[in-house]
Amino acid sequence: MSGVEGDSRLMATFLSVQGYDPGPSQRPMLSGALSGILGTVPAIPILIGFGSLRVEAQILGLSTVPTLAIGCAAMATAGALYARTFGRAANNVHGGWLFGMAFGFALWAAGAVLLLPVICGGRAPAGTAALGVALSLLAWGLATGILVPFVHRPFHESLEKAARHAHLGPNAAASQGQSIREQRRWKKD
């Protein structure tokens, strides 16, 4: 077994400790999107302080307000992707900050370093502005990772309430809501 293969199995094992996949009543993507928007609160002052917002607006050919609006929409999408990628591990109160910062770093590498220059003809923030973008995405990731477990709780449906839905719970397990007697009678006919 190669080192990479062993590392990926270890990560999969780590993420599946509490059950990796969120259930249909948990709404992880909504929680992630809202956390992603809220995570922009500490990131925006960093962008402004380092002059990164002005530089990004110039690169995109927009003013700062539309650049902020596009950024908030992108961070909502990134938050939903974060929650979907990490599944139940994103709800870890103790480790969410670390997952969030790692995801923020990945966004910086994929977005600011790779995607932005491709979209904008090779133009990207440099110097202090580039440092501001990197720090803002780390701050966004930290905030999003901390917020997801707390934003998620109100959206997480209780097991009792979820069991009453036709597509969840005991009725769904008994063949689309048919009782066992109906199933036996149907098989005999």
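Reference entry: report on the structure contained in this document.

Conventions and cut-offs
Residues numbered from 1 in each chain as written. Predicted model: local features only at pLDDT ≥ 70, side-chain atom pairs only at ≥ 80, totals over all residues. Heavy atoms only, no water. Helix = DSSP H or I, 4+ residues; strand = E, 2+ residues; numbered from the N terminus. Buried < 20%, exposed > 50% of the residue type's maximum accessible area, 1.4 Å probe, protein only. Contact = heavy atoms within 4.5 Å. Patch = residues over 30% accessible without salt bridge, like charges linked within 9 Å, V, L, I, M, F, W, Y side chains within 5 Å. Areas by Shrake-Rupley, 256 points an atom, 1.4 Å probe, with all protein chains shown as cover. Salt bridge = Lys/Arg side-chain N within 4 Å of Asp/Glu carboxyl O. Axes fitted to C-alpha atoms, helices over the stretch in contact; angles between N-to-C directions. Nonpolar A, V, L, I, M, F, W, Y, C, P; charged D, E, K, R; others polar. Phe/Tyr/Trp six-rings, centres within 6.5 Å; stacked < 30°, edge-to-face > 60°. Parallel < 35°, antiparallel > 145°, perpendicular 65-115°, else oblique. Left-handed = near helix turned anticlockwise from the far one by under 90°. Core = buried A, V, L, I, M, F, W, Y, C linked by side-chain atoms within 4.5 Å.

### Some remarks on the overall build of the chain
Alright, step 1. Along its length, the chain carries ten helices and zero strands.
Alright, step 2. Counting helices and strands in the order they occur from the N terminus, the chain gives α-α-α-α-α-α-α-α-α-α.
Alright, step 3. Per-residue burial over the chain gives 34% buried out of 189 residues.
Alright, step 4. Expressed as a percentage of contacts within the chain between residues at least 6 apart in sequence, the contacts between residues at least 24 apart total 77%.

### A word on a nonpolar patch on the surface
Alright, step 1. Among the surface-exposed residues, V93, W97, L98, L142, I146 and F150 lie close enough to one another that they form a single nonpolar patch of about 530 Å² accessible area.
Alright, step 2. Of all elements in the fold, only α6 (96-119) and α7 (128-155) reach the threshold of two or more residues within the nonpolar patch.
Alright, step 3. The element best represented in the nonpolar patch is α7, accounting for three residues.
Alright, step 4. Mapped onto the fold, F150 is located in helix α7.

### As for the packing of helix α2 (residues 28-38) against helix α3 (residues 40-49)
Alright, step 1. Between α2 and α3, the shortest axis-to-axis distance is 5 Å and the interhelical angle comes to 30°. Contact residues: α2 offers G36, I37 and L38, while α3 offers T40, V41 and P42.
Alright, step 2. Among the residues making up the contact of α2 with α3, the classes are represented as four nonpolar, two polar and no charged.

### With respect to the packing of aromatic side chains
Alright, step 1. On inspection of all chains with the given rule, the structure shows six aromatic pairs.
Alright, step 2. The interplanar angle of 55° and the centroid separation of 5.2 Å between the aromatic rings of Y82 and F86 together place this pair among those described as tilted. Of this pair, Y82 and F86 both sit in helix α5 (residues 64-86), four residues apart, roughly one helical turn.
Alright, step 3. Arranged with centres 5.5 Å apart and planes meeting at 40°, the rings of F105 and W108 form a pair that is tilted. Remark: W108 and F105 occur in helix α6; sequence separation between them is three residues, near one turn of the helix.
Alright, step 4. A relative accessible area of 47% places F105 in the partly exposed class.
Alright, step 5. For W108, a relative accessible area of 27% puts it in the partly exposed group.

### Describing the environment of V55
Alright, step 1. Among the structural elements, V55 can be located in helix α4 (residues 52-60).
Alright, step 2. The sequence separation of V55 and A130 amounts to 75 residues, and the corresponding C-alpha distance is 9.1 Å.
Alright, step 3. Ignoring sequence-local partners within four residues, the contact set of V55 consists of P125 and A129.

### Some details on the packing of α5 against α6
In helix packing, the relevant descriptors are the interaxial angle and the interaxial distance, both defined with respect to the helix axes.
Alright, step 1. Viewed as axis vectors pointing N to C, α5 and α6 meet at an angle of 125°, and their least axial separation amounts to 11 Å. With respect to each other, α5 and α6 are oriented oblique. For the pair α5 and α6, the crossing hand works out as right-handed. Of the residues in α6, those in contact with M75, A78, L81, Y82, T85 and F86 of α5 are G96, F99, G100, F103 and L107.
Alright, step 2. For the contact of α5 with α6, the residue count by class is eight nonpolar, three polar and no charged.

### Considering the side chain of T144
Alright, step 1. Secondary-structure assignment places T144 in helix α7.
Alright, step 2. With a relative accessible area of 1%, T144 lands in the buried category.

### Observations regarding the nonpolar core
Side chains of a nonpolar character, in soluble globular proteins, are inclined to be buried together.
Alright, step 1. Ranked by internal contacts, the top residues of the largest apolar core, which has 16 residues, are Y82, F86, F103 and W140.
Alright, step 2. The set of elements that each furnish at least two residues to this core consists of α3, α5, α6 and α7.
Alright, step 3. Formed by five residues, the second largest nonpolar core is a distinct cluster that contains V55, I59, L116 and A129.

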